[in-house]
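# Geometric and topological summary
Residue strings, one per chain:
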Amino acid sequence: MELLEKAIAEYKIWLDKTKDDAFMQGELSQLEGSPDELLECFAGDLGFGTSGIRGIIGPGPRRINKYVVARATQGLSDYINSRAANGENLRKRVVIACDSRRFSTQFAKETAEVLSGNGIKALLFSEISPVPLLSYSIKELDCDYGIMITASHNPSIFNGYKVYNKYGHQVVGDEPRAILDSIKKLDFFDDIKKSTDNIELLEDEIPERFIYEIDRITSPFINKDEGKDIRIVYTPLNGAGRKYVYEALRNAGFTNVLSVPSQDGFDENFTTCKKPNPEKLSAYNEAFKILDQMNADIIISTDPDSDRVGVALVHDETKINLTGNQIGLLILEHLCNSKPPRHGQIVYRSIISTPLLDRMAEANDLDVNYTQTGFKYIGEAIQNLINEGRESDYYFGFEESHGYLISPFLRDKDGISSAVIIAAIAAKQKKRGQDLIDHLEEIYGDYGTLIDRTKSFTFEGLSGQETMKNIMDYLRNEVSDKIGDLYIEDRIDYLNDDTGLDKANIIKFDMDDGSTIIVRPSGTEPKIKVYMFLTDPTSSIDKSITSLMESYK
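One numbering rule holds for all chains: residues counted from 1, following each sequence as written. Residue-level local features of this predicted model are given only where pLDDT is at least 70; pairs of side-chain atoms are given and counted only at 80 or more, and the full residue set underlies all totals for whole chains, interfaces and linings. Here the side-chain values reflect all heavy atoms present in the structure, with hydrogen atoms and water set aside.

## Some thoughts on the sheet that holds strand β15 (residues 403–405)
- Strands were regarded as paired on the criterion that DSSP finds at least two bridges between them. By the criteria applied, helices consist of DSSP H or I runs no shorter than four residues and strands consist of E runs no shorter than two, each listed in order from the N terminus. Overall, mixed pairing links the 4 strands, which are arranged β13-β12-β14-β15 in an open sheet. Sheet topology places β13 (367–371) and β15 at the edges, where each strand pairs with a single neighbour. Sheet twist, expressed as the mean angle between neighbouring strand axes with direction ignored, is 15 degrees.
- Working rule for contacts: check all heavy atoms of both residues, and any pair within 4.5 Å makes them a contact. Angles run from 0 to 180 degrees between N-to-C directions of axes, and those axes are lines fitted to C-alpha atoms, restricted for helices to the stretch in contact. Helix α13 (residues 324–338) contacts β12 (346–350), β14 (394–399) and β15 of the sheet and is inclined by roughly 165 degrees relative to β14.

## Observations concerning the pattern of salt bridges
- Whenever a carboxyl oxygen of Asp or Glu lies within 4 Å of a side-chain nitrogen of Lys or Arg, that contact is scored as a salt bridge. Evaluation of the coordinates by the stated rule reveals 36 salt bridges.
- Here R71 and D45 are joined by a salt bridge, their closest N and O atoms 3.0 Å apart. Pair noted here: R71 is in helix α4 (residues 66–85) and D45 is in the loop between α3 (35–42) and β1 (52–56), with a separation of 26 residues, a long-range link.
- Exposure is judged per residue with a 1.4 Å probe applied to protein chains only, and the accessible area is read against the type maximum: over 50% gives exposed, under 20% gives buried, and values in between give partly exposed. The buried category is assigned to R71, whose relative accessible area is 7%.
- Relative accessible area serves as the criterion here: at 39%, D45 is assigned to the partly exposed category.
- Close ionic contact of D542 with K455 constitutes a salt bridge, the shortest N to O distance being 2.7 Å. Residue D542 is found in helix α19 (residues 541–550), and its partner K455 is found in strand β16 (residues 451–458); the two are separated by 87 residues along the sequence.
- According to the relative accessible area criterion, K455 is partly exposed, its value standing at 28%.

## Focus on the environment of A84
- Here A84 shows up in helix α4.
- By relative accessible area, A84 is classed as partly exposed at 26%.
- For the pair formed by A84 and L141, sequence separation is 57 residues and the distance between their alpha carbons is 19 Å.
- Sequence-distant contacts of A84, that is, excluding residues within four places in its chain, are made with L90 and K92.

## Let's talk about the packing of aromatic side chains
- Think of it this way: a Phe, Tyr or Trp ring, Trp meaning its six-membered ring, pairs with another when their centres are within 6.5 Å, and the plane angle makes it stacked under 30 degrees, edge-to-face over 60, tilted otherwise. In this structure the tally under the stated criterion is 17 aromatic pairs.
- When the centroid spacing of 5.6 Å and the interplanar angle of 55 degrees are considered together, the rings of Y136 and F210 count as tilted. Remark: F210 occurs in helix α8 (residues 205–218) and Y136 occurs in helix α6 (residues 131–140); sequence separation between them is 74 residues.
- Of the residues examined, Y136 reaches a relative accessible area of 7% and is grouped as buried.
- Given the relative accessible area of 0%, F210 is considered buried.
- Judged by centre distance (6.1 Å) and plane angle (70 degrees), the rings of F210 and Y244 are edge-to-face. Here Y244 lies in helix α10 (residues 242–251) and F210 lies in helix α8, a separation of 34 residues in the sequence. Each member of the pair, F210 as well as Y244, is classed as buried.
- Each member of the aromatic cluster is reached from another via a ring pair, and the members are Y11, W14, F42, Y67, F188 and F189.

## Some remarks on the sheet that holds strand β9 (residues 298–302)
- What the 5 strands build is an open sheet, ordered β8-β7-β9-β10-β11; its pairing is mixed. Among the strands making up the open sheet, the edge pair consists of β8 (257–259) and β11 (318–321). Averaged over all adjacent pairs, the angle separating strand axes in this sheet is 25 degrees, with direction ignored.
- Across the sheet, helix α16 (residues 415–431) touches β7 (232–235), β9 and β10 (309–315), and the angle it forms with β9 is around 170 degrees.

## Looking at empty space enclosed by the protein
- In this analysis a 1.4 Å probe is tested at points of a 1 Å grid over the protein atoms alone, and where it fits but cannot get out there is a cavity; an open set with protein on both sides within 12 Å along at least five of seven lines is a pocket; lining residues have an atom within 4 Å of a point. Grid points are joined across faces, edges and corners, and a volume is the space filled by probe spheres set on the points. Evaluation of the coordinates by the stated rule reveals 1 cavity of 30 Å³ or more.
- Here the largest cavity defines a volume of roughly 30 Å³.
- As for the largest cavity, its lining consists of V311, L322, I327, L330, I422, I425 and L436.
- Going through the elements one at a time, α13 and α16 are the ones with two or more residues in the lining of the largest cavity.
- Amino acids outside the nonpolar list (Ala, Val, Leu, Ile, Met, Phe, Trp, Tyr, Cys, Pro) and the charged list (Asp, Glu, Lys, Arg) are all regarded as polar, and Gly is one of them. Partitioned by chemical class, the residues of the lining of the largest cavity number 7 nonpolar, no polar and no charged.

## Details of the nonpolar core
- V95, F210, F254, L322, I331, L332 and F396 are the most contacted members of the largest nonpolar core, which has 92 residues in total.
- Residue contributions to this core peak at 10 residues, all from α16.
- For F254, the contacting residues outside a window of four places in its chain are G227, I230, I232, L249, V420, A423, A424 and A427. Buried Ala, Val, Leu, Ile, Met, Phe, Trp, Tyr and Cys residues that are joined via side-chain atoms within 4.5 Å together make up what is termed a nonpolar core.

## Considering α6
- Along α6, 8 of the 10 residues are buried, which leaves the element largely enclosed by surrounding structure.
- Looking only at α6, the buried set comprises V131, P132, L133, L134, S135, Y136, S137 and I138.

## Focus on the packing of α13 against helix α14 (residues 356–363)
- Remark: α13 packs on α14, axes separated minimally by 10 Å, with the N-to-C direction vectors making an angle of 5 degrees. It follows that α13 is roughly parallel to α14 by the angle criterion. Two secondary-structure elements touch here, α13 through G328, L329, L332 and E333 and α14 through L356, L357, M360 and A361.
- Looking at side-chain class alone, the contact of α13 with α14 contains 6 nonpolar, 1 polar and 1 charged residues. Relative orientations are named as follows: roughly parallel for angles under 35 degrees, roughly antiparallel for angles over 145 degrees, roughly perpendicular for angles from 65 to 115 degrees, and oblique for any other angle.

Here is the structure:
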């Protein structure tokens, strides 16, 4: 009851402070008499989690709206100004981009106005732009930070706010906590400063330089003659990749690229794709229609902010979308064959990505470095290499959630250059009379097979956080010797064990048959994710894990 009383008190403050905002007043009025909704919207704040904020669009401090965005930006502004006041050499410049989601453009302008009101130069892209462009532009424009308004691949009810440091990767280490501490000191309404005096709109120059770089880094891995013979269906899933992927593919010699009309324009509701996630087969429903009509060979997709890439095709009359791990194996194998690595070069992969990549790397004289989940850690590792004068040691970066980077020209995953490489792989295999599934079978023949399965279990609302904690506590403290029909040979608790990596609420189980199970709560969604790498597809592990998760619902 005390929590509800606090939520009602906060609700009344928002009613009073937004009297001049007709839209917000309408949103707030719909919550009257609904205690559950009041709790969801007003019982606490959205946390500054995986380098930013992500949440459901709506009223109140536990939803994402222009007041939450303004407060976050005021906190970031105060943090920047305090660093400058303490003698740090900051340019006090921040670049801002947004994707095609509901309110993204408004939130980006709100962000720019608050930065400007605090004496910080706000460089705002004048059109919807992808994450890779933002990451690239931070260094190119000599900025201290970048901000991306996006909720990545989440459904249309979500939006978010991601903060990037001067190197171009999302903030890491102590910095997210320091920014959050700065945000928490602020009132949502009375402490916000705004102006339009210090805002600059960015037009074509940086995007043109970015596309030139995409062409430069992908050209060593492409045979332009092969590109003429393959028919590619591309869908940006109504997002920011549209302009950039088409141009990058055209520059690389892919002349038969077909659009998906219902998903080619910006659509904040993602009308034909409720979950615009390249990991989901349902994301390709519209694209498969075009593939069938035009007798095309392959579908390539990028998520709404275009940092992730996906692939789908028809093989033996069956519609298949490749997993992120399968795409990673295909890309690394292609890179190694096109431009053989030298001794000492490094592949970076997250701890939740396929161990098969390690076997391929070893066979090609590549070292493998492991990072925590989240591509920001690969970005941080790249910057560490550069600081040591070893940028050329970077070979490839990969995480299982469809994130890849073939060159350290930026510090985040890049769906645009990856789309070009995937097209090149498909074109090469078509010339050999094969498709990507055929080629994967060849790779498995060379390096062995691990069947990768990823499952997500959703636990919504305030109670969901407690439920996920209980599940992780159970796995950590009660599961000791067996999961399903397999015995646990080894385990790593990345929260409590000394692994040399940042602490994270992740548990890894190595099973006695060579399978691996990894469990973690998502950093951006109310889900627990389970990653399985199985030597035997008939193992009961999948069923056992599902039963455990369902027992908590």
